[in-house]
Structures are given as C-alpha cells and as structure tokens.
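# Examining the three-dimensional arrangement
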Amino acid sequence: MELTHYLRIQAHANRLSNHRLHGAMEPLSHAEFHAPRTGFFPSLAETLNHILAVDLYYVGALHGDPDLRSVIDDFAPSDGLAALAARQAASDMRLVSFCDALTAGALDCMVEMPRDTHLQHDRAGHVLAHLFNHQTHHRGQAHAMLAGTTARPPQLDEFMMPSEAHLRARDMAALGWYEDAVYGVP
C-alpha cells in the first residue's frame, strides 16, 4: 500500500471516529459534558475542544493558511457538543480533502508552523503523522472519560481494515462515503 493511500484512510478514519464519538455523546447533558473527569484535560468539553484547536492549527498549516498563530491565540472553545461537533466535522473534512489530494512528492513539502518564539519547519508527512497520533491520543482519553457517564463509549477501532466494512457501514452511509472510494476495494 502506498503511504498516500494509507494517509487518506487515516483521515477518513479520523472523521468516522469523531462522528461515532460525538454521536454517542449526544444524550449527555450540558452538565455531564462539562463535568470534572480524570484525564489530561479535566472534562470531555475541554478534551474535545483541545483536539479541535490543535486540528485547526495543523490542518491550517498543511493548507498554508495565513495568520496561523491566531488559530490558537484566538480559539474560542465550544460550550456545547453540537457546536463543537459541527466545527470538528468541518475541520475533519478539510483534512480529508487535503489527504485525498496528496501525492507522494507532497509529503516532502515543508510546512511552516509559527510558534511563540520561532517558525517551525517540518515535512508534511511528519506533520500528518503527528496530527493523527495527537487525535488518537486525546480521543482515547475522551473515550475513557465517556465510560464514566450514562452514555456507552462507542467502538472506535474498526475503521482501518478494508475487511471490516460491515462494522462501519452505517457510519459510512451517514457520511455519504463508499468503500471503494475510501479504501480502493469493492
């Protein structure tokens, strides 16, 4: 499998995971969404807003957006799940679009990321690897936090294997995606 194909699947898996996680959280009250929980960030709301802020920053960097520091400096967290889920879906789809257009040569393109004290430069492939790891890391924390609520944590690891299409069929249909378009197999 080519690396660009893997990254396309990874971007779609990220979107599917967020779709499923946010859907499972819909029954939570505002108080449950903001309730103190054990994790790197102290609530589901803060964890998911952190994922969103970092995604916006790195996806913006991959796209070469201007004034990238303002994404972090001016980030306004979403107070409710519905607003957060909509913002995350838009960011996820921007990442999917980026990965769908990837070529092998584009993975070596340098990405500029303004930091507090310097301008960081890394290859697009490294930025993507970091971003997917970051998303999975914190989404796993949110998943564990969800286990302490009235909502049942959803299965989140069925999205990488082409042979497990039956386990994601409902989510793929909800997003208007087709197996052959994402995975390259019928």
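Reference entry: report on the structure contained in this document. Because the structure is a prediction, the values reported are computed rather than measured.

Take the overall build of the protein next. When helices and strands are tallied, the protein shows eight helices and two strands. Listed by position from the N terminus, the elements making up the protein come as α-α-α-α-α-β-β-α-α-α. In terms of C-alpha radius of gyration, the protein reaches 17 Å, essentially the compact-globule figure of 16 Å for 186 residues. Seen through its C-alpha atoms, the protein measures out along the principal axes to roughly 50 × 45 × 25 Å. The 186 residues of the protein split such that 45% are buried. Of all intrachain contacts in the protein linking residues separated by at least 6 positions in sequence, the fraction that spans at least 24 positions is 67%.

The volume enclosed by the largest pocket comes to roughly 200 Å³. Residue lining of the largest pocket: Q10, A13, N14, S17, T136, R139, G140, H143, L156, D157, F159 and M160, and that is the complete set. At the level of elements, α1 (3–25) and α6 (124–146) are the ones that each hand at least two residues to the lining of the largest pocket. Tallied by class, residues from the lining of the largest pocket come to four nonpolar, six polar and two charged.

So, on to the side chain of N18. Within the element layout of this structure, N18 appears in helix α1. You can call N18 buried: its relative accessible area is 2%. Ignoring any residue separated from it by four or fewer positions in sequence, one finds N18 in contact with Q88, D92 and R139.

Before going further, it helps to spend a moment on the packing of α1 against helix α5 (residues 81–100). α5 packs onto α1 with a crossing angle of 170° between their chain directions and a minimal axis gap of 8 Å. The angle between α1 and α5 places the two elements in the roughly antiparallel class. Residues L7, R8, A11, H12, N14, R15, N18, H22 and M25 of α1 lie in contact with α5, whose contacting residues are L81, L84, A85, Q88, A89, D92, M93, L95, V96, C99 and D100.

We now examine the environment of H143. Locating H143 in the fold gives a position in helix α6. Judged by its relative accessible area of 25%, H143 falls in the partly exposed class. Distance from H143 to E158, taken between C-alpha atoms, is 15 Å for residues 15 residues apart in sequence. With near-sequence residues (within four places) excluded, H143 lies in contact with L21, P153, P154 and L156.

With that settled, the discussion passes to the pairing of strand β2 (residues 119–123). Sheet topology places strand β1 (residues 110–114) next to β2; five bridges connect them, and they run antiparallel. Paired with E112 across the bridge in β2 is H121. Counting the residues between successive antiparallel strands, the hairpin from β1 to β2 contains four residues.

Moving on, we come to the state of the cysteines. As enumerated under the stated definition, the model contains zero disulfides in all. Here C99 is not cross-linked by a disulfide; its sulfur's nearest cysteine counterpart is in C109, at 13 Å. Exposure remark for C99: the relative accessible area of 1% places this residue in the buried category.

Here the focus is the environment of Y178. The residue Y178 is located in the loop between α7 (165–175) and α8 (179–183) in this model. Linking Y178 and A165, residues 13 residues apart in sequence, is a C-alpha distance of 9.9 Å.

On the surface, M1, L3 and Y6 cluster together into a nonpolar patch covering about 360 Å² of accessible area. Looking at where L3 falls in the secondary structure, it is placed in helix α1.

Right, let's get into the nonpolar core. The nonpolar side chains of a soluble globular protein tend to be buried, and buried together. Among the nonpolar cores identified, the biggest contains 22 residues, and L62, L95, C99 and L128 are the most heavily contacted of them. Elements with a minimum of two residues in this core: α1, α3 (44–63), α5, β1 and α6. A per-element tally of this core places α3 first, with six residues. The residues touching L62, leaving out its near neighbours within four places in the chain, are L95, F98, V111, A124, V127 and L128. Ranked by size, the runner-up nonpolar core spans 15 residues in total, among them F33, I51, L84 and A151.

Conventions we followed
Residues numbered from 1 in each chain as written. Predicted model: local features only at pLDDT ≥ 70, side-chain atom pairs only at ≥ 80, totals over all residues. Heavy atoms only, no water. Helix = DSSP H or I, 4+ residues; strand = E, 2+ residues; numbered from the N terminus. Rg over C-alpha atoms; globule rule 2.2 N^0.38 Å. Buried < 20%, exposed > 50% of the residue type's maximum accessible area, 1.4 Å probe, protein only. Contact = heavy atoms within 4.5 Å. 1 Å grid on protein atoms, 1.4 Å probe; cavity = no way out; pocket = protein on both sides within 12 Å on 5 of 7 lines; lining within 4 Å. Points joined across faces, edges and corners; volume = space filled by probe spheres on them. Nonpolar A, V, L, I, M, F, W, Y, C, P; charged D, E, K, R; others polar. Axes fitted to C-alpha atoms, helices over the stretch in contact; angles between N-to-C directions. Parallel < 35°, antiparallel > 145°, perpendicular 65-115°, else oblique. Pairing = 2+ DSSP bridges. Disulfide = S-S within 2.5 Å. Patch = residues over 30% accessible without salt bridge, like charges linked within 9 Å, V, L, I, M, F, W, Y side chains within 5 Å. Areas by Shrake-Rupley, 256 points an atom, 1.4 Å probe, with all protein chains shown as cover. Salt bridge = Lys/Arg side-chain N within 4 Å of Asp/Glu carboxyl O. Core = buried A, V, L, I, M, F, W, Y, C linked by side-chain atoms within 4.5 Å.

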